[in-house]
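# What the coordinates show
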Amino acid sequence: MSWSSSPGGEPPGGPFGDQPYSPYALPPGGESSPYALPPGNEPPPYGMPPYGPPPPYGPPPYGAYPPPAKTNVFAIVSLVCSLCGIFVAPLAASIAGVIFGHLAKKQLQTSGEQGDGMATAGVVLGYVFGGLYLLACCGYFGIWLGLLGIVGIGSSYDSGTGDYTFVLPTVAGLLAG
């Protein structure tokens, strides 16, 4: 075998003799070689990236969204109170919902906050549920007064005059216990 048969005139084992070629092997000459890395500049261990931390994020594309406008607290309280007027505390919560709703609508005219729809819903629901509760109470007491009048407890009907005088004794009897 001649040296001229290999390309470049190198020996058959490669440029470093019979050793297998490795791209990760240090060049010949060891630590004193001009190709050796200076102390403190060793390559990173296997598996770690050879670069530093990623760069910080740049500005958001197309500009940032403005922060959302705040919702008026009185508008939220108005809606919650009016909805609590259904079952929790019917008359008191409905009245509170109406009051807070009107306060919220007055504040929304100058503050620039959101919540006009909630304030309107709180006012409307407060009036509706408060009115329904008052109608139910009037109907309840009307039914009881009617039943007591029909049964005849404490009533005195004068057929000659057509005058019903049972209401006062009935109410007095209910209040007395």
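Structure first, text after, so check above.
The model shown is predicted, which means the values in this text are computed figures rather than measured ones.

## Here we look at helix 2 (residues 90-111)
Over its 22 residues, helix 2 runs 31 Å from end to end, which matches the ideal 32 Å to within 8%, given 1.5 Å per residue. Of all the positions in helix 2, only Ala93, Ser94, Gly97, Val98, Gly101, Ala104 and Leu108 are classed as buried. Along the long axis of helix 2, the arc covered by the buried residues comes to 140°, so they all point the same way. Turned more than 90 degrees away from the buried face of helix 2, the exposed residues are Ala92, Lys106 and Thr110.

## A few points about helix 1 (residues 73-84)
Relative to the 16 Å expected for 12 residues at 1.5 Å per residue, helix 1 spans 16 Å between its end C-alpha atoms, a close match to the ideal helical length. Of all the residues in helix 1, the buried ones are Ala75, Ser78, Cys81 and Ser82. Take helix 1 and look down its axis: the buried residues cluster within an arc of 130°, on one side only. For helix 1, the N-terminal capping position is held by Asn72, with its side-chain oxygen 2.8 Å away from the main-chain nitrogen of Phe74.

## Notes on the packing of helix 1 against helix 2
Between helix 1 and helix 2, whose axes approach to 7 Å, the crossing angle comes to 160°. By the criterion of interaxial angle, the relationship of helix 1 to helix 2 is roughly antiparallel. Considering how the two elements wind past one another, helix 1 and helix 2 form a crossing that is left-handed. Contacts between helix 1 and helix 2 involve Phe74, Ala75, Val77, Ser78, Cys81, Ser82 and Cys84 from the former and Ala93, Ser94, Ala96, Gly97, Val98, Phe100, Gly101, Leu103, Ala104 and Gln107 from the latter. Looking at the contact of helix 1 with helix 2, its residues break down into 11 nonpolar, 6 polar and no charged.

Cut-offs applied
- Residues numbered from 1 in each chain as written.
- Predicted model: local features only at pLDDT ≥ 70, side-chain atom pairs only at ≥ 80, totals over all residues.
- Heavy atoms only, no water.
- Helix = DSSP H or I, 4+ residues; strand = E, 2+ residues; numbered from the N terminus.
- Expected span 1.5 Å × (residues − 1).
- Buried < 20%, exposed > 50% of the residue type's maximum accessible area, 1.4 Å probe, protein only.
- Arc of directions from axis to C-beta.
- Polar contact = N/O pair within 3.5 Å; in protein donor to acceptor, adjacent residues only side chain to side chain.
- Axes fitted to C-alpha atoms, helices over the stretch in contact; angles between N-to-C directions.
- Parallel < 35°, antiparallel > 145°, perpendicular 65-115°, else oblique.
- Left-handed = near helix turned anticlockwise from the far one by under 90°.
- Contact = heavy atoms within 4.5 Å.
- Nonpolar A, V, L, I, M, F, W, Y, C, P; charged D, E, K, R; others polar.

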